[in-house]
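Chain by chain, the residues:
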Amino acid sequence: MCHQSVGLVSRAIESKGVPTLSMTSARSITASANPPRAAFTDFPLGHTCGPPDRQVEQRSIMRDALALFETMDRPGIVDLGYAWPAPWKEAALRPEDHRTPRHDTPQYQNRDDREAAVAAYGVGIACRAGAPGEIPRC
Amino acid sequence: MAESDRRPIDYIAVTRETYTRLGYRPYRWALNEDPPSWATLGKPLSEARLGLIASGGIYRHGQVAFTHRDDVTHREIPTDVDSAELRVTHFAFDPAAARRDPNVVFPIDTLRSLVAEGTVGELAPLALTFMGGIYSQRRLASDLIPVLVDRVLELELDAVLLVPV
């Protein structure tokens, strides 16, 4: 879904004359949304720009991706050629639902994030429900 | 390496199979058969002002977090932010790696180092983030996309990098 949203945002921005490049690790979804430029990294979802704490590899991936602004001359998806240590695809191919409940109140990573947002914006905004009448429970 | 290890995972097919097992109707993915617009970078990347848009549910400590139900708001994060202040919230991917190192889905330290080495001209003062797990393409198109497009134009960006999860 994230890849679809980014593909659609990318198309809209490019249509205003600003060149865009989308990273992608979900090639089929990106191909369907069909943005102007995409750089494919064959990584598990959640690691689009590389493995954590590997700054040298992250910089290499980003240099290769951004170079596409200067080298691509037509729309497409370019495989940057990076691989993730196997095995991981067997698990990713299983038709299991890994989504967590879709709460309609802000979902803070940490308790102190919530407290800081309440202090800055008040509980009415920092814990507002997306739908009217909902009880804030964030 | 097995053949399946070299083929990209078809997440559209995996999602269809998952939803069928759960008894859900198949999701209608956006299918754009018409070619996208094409704009060119009119200057070298080393002189360009680059924008970053990330859809991994990234917010900064002190900001209001994203909801997990078709949240069509966005956050603006200064690109000189300390990455230790970045947080990640999303319902559809495991955020463990991103919480350890936000650069995996919000490459802010990476981009700053590419500016420092001269590969990229400069970063826009603000990066734009949202929680991209939005099922309603109609709400995305009516409520979020126009706002992001306006901000991109106001920030006078030469090019935009987008990062989904």
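Fair warning: this is a prediction, and the values are worked out from it, not measured in the lab.

**Student:** Is there a simple way to think about the overall build of chain B in this case?
**Tutor:** Of regular secondary structure, chain B possesses five helices and seven strands. Secondary structure of chain B in N-to-C order comes out as α-α-β-β-β-β-α-α-β-β-α-β. C-alpha atoms of chain B, sized along the principal axes, occupy 50 × 45 × 40 Å. When the 165 residues of chain B are sorted by exposure, 57% land in the buried category.

**Student:** Whenever I open this one, the domain arrangement of chain A confuses me. Can you help?
**Tutor:** Accessible area lost upon the coming together of the parts is a frequently used measure of interface size. Here the domain parsing of chain A yields domain 1 (2-93) and domain 2 (101-138). Centre-to-centre separation of domain 1 of chain A and domain 2 of chain A, based on C-alpha positions: 32 Å.

**Student:** Can you walk me through the packing of aromatic side chains in this structure?
**Tutor:** Describing an aromatic ring pair means giving the distance of the ring centres and the angle of the ring planes. The final tally for this structure, using the stated rule, is six aromatic pairs over all chains. Plain terms: the ring middles of Tyr108(A) and Tyr59(B) are 6.0 Å apart, the flat faces sit at 85 degrees to each other, and that makes the pair edge-to-face. Placement of Tyr108(A) in the loop between helix H5 (89-93) and helix H6 (111-121) and of Tyr59(B) in strand S2 (residues 58-60) is noted, with the two residues assigned to different chains. Arranged with centres 5.0 Å apart and planes meeting at 80 degrees, the rings of Tyr27(B) and Trp29(B) form a pair that is edge-to-face. Here Tyr27(B) and Trp29(B) have matching classes, each one buried. Here the aromatic cluster, defined as three or more aromatic residues joined through ring pairs, consists of Tyr27(B), Trp29(B), Phe91(B) and Tyr135(B). Its guanidinium or amino end placed over the ring of Phe40(A), Arg27(A) lies 5.6 Å from that ring's centre, counting from NZ or CZ. Of note, Arg75(B) hangs over the ring of Phe66(B), and the distance from its end group to the ring centre comes to 4.4 Å.

**Student:** Help me understand the packing of helix H3 (residues 55-66) of chain A against helix H4 (residues 108-116) of chain B in this model?
**Tutor:** Two quantities define a packed helix pair, namely the angle between the axes and the distance from one axis to the other. At their nearest, the axes of H3(A) and H4(B) sit 10 Å apart, and the two run at 70 degrees to each other. The pairing of H3(A) with H4(B) is recorded here as roughly perpendicular in orientation. For the crossing formed where H3(A) meets H4(B), the hand is right-handed. Across the interface between the two elements, Gln58(A), Arg59(A), Met62(A), Arg63(A) and Leu66(A) of H3(A) pack against Thr110(B), Leu111(B), Ser113(B) and Leu114(B) of H4(B).

**Student:** Mind showing me how you'd approach H3(A) here?
**Tutor:** In an α-helix, one full turn covers 3.6 residues, which means residues spaced three or four apart are oriented alike. All names here are of chain A. End to end, H3 covers 16 Å across 12 residues, agreeing with the expected 16 Å (1.5 Å per residue, within 8%). Regarding H3, the residues found buried are Glu57, Gln58, Ile61, Met62, Ala65 and Leu66. Angular distribution of buried residues about the axis of H3 spans 160 degrees; they occupy a single face of the element.

**Student:** Would you mind going over H4(B) with me for this structure?
**Tutor:** For H4(B), the set of buried residues is Ile108(B), Thr110(B), Leu111(B), Ser113(B) and Leu114(B). Immediately beyond the C-terminal end of H4(B), within one or two residues, lies Gly118(B), with a positive phi of roughly 95 degrees.

Reading the values: rules and limits
Residues numbered from 1 in each chain as written. Chains lettered and ligands numbered in written order. Predicted model: local features only at pLDDT ≥ 70, side-chain atom pairs only at ≥ 80, totals over all residues. Heavy atoms only, no water. Helix = DSSP H or I, 4+ residues; strand = E, 2+ residues; numbered from the N terminus. Buried < 20%, exposed > 50% of the residue type's maximum accessible area, 1.4 Å probe, protein only. Domains from an automatic or database assignment. Phe/Tyr/Trp six-rings, centres within 6.5 Å; stacked < 30°, edge-to-face > 60°. Lys NZ or Arg CZ within 6 Å of the ring centre and 35° of its normal. Axes fitted to C-alpha atoms, helices over the stretch in contact; angles between N-to-C directions. Parallel < 35°, antiparallel > 145°, perpendicular 65-115°, else oblique. Left-handed = near helix turned anticlockwise from the far one by under 90°. Contact = heavy atoms within 4.5 Å. Expected span 1.5 Å × (residues − 1). Arc of directions from axis to C-beta.

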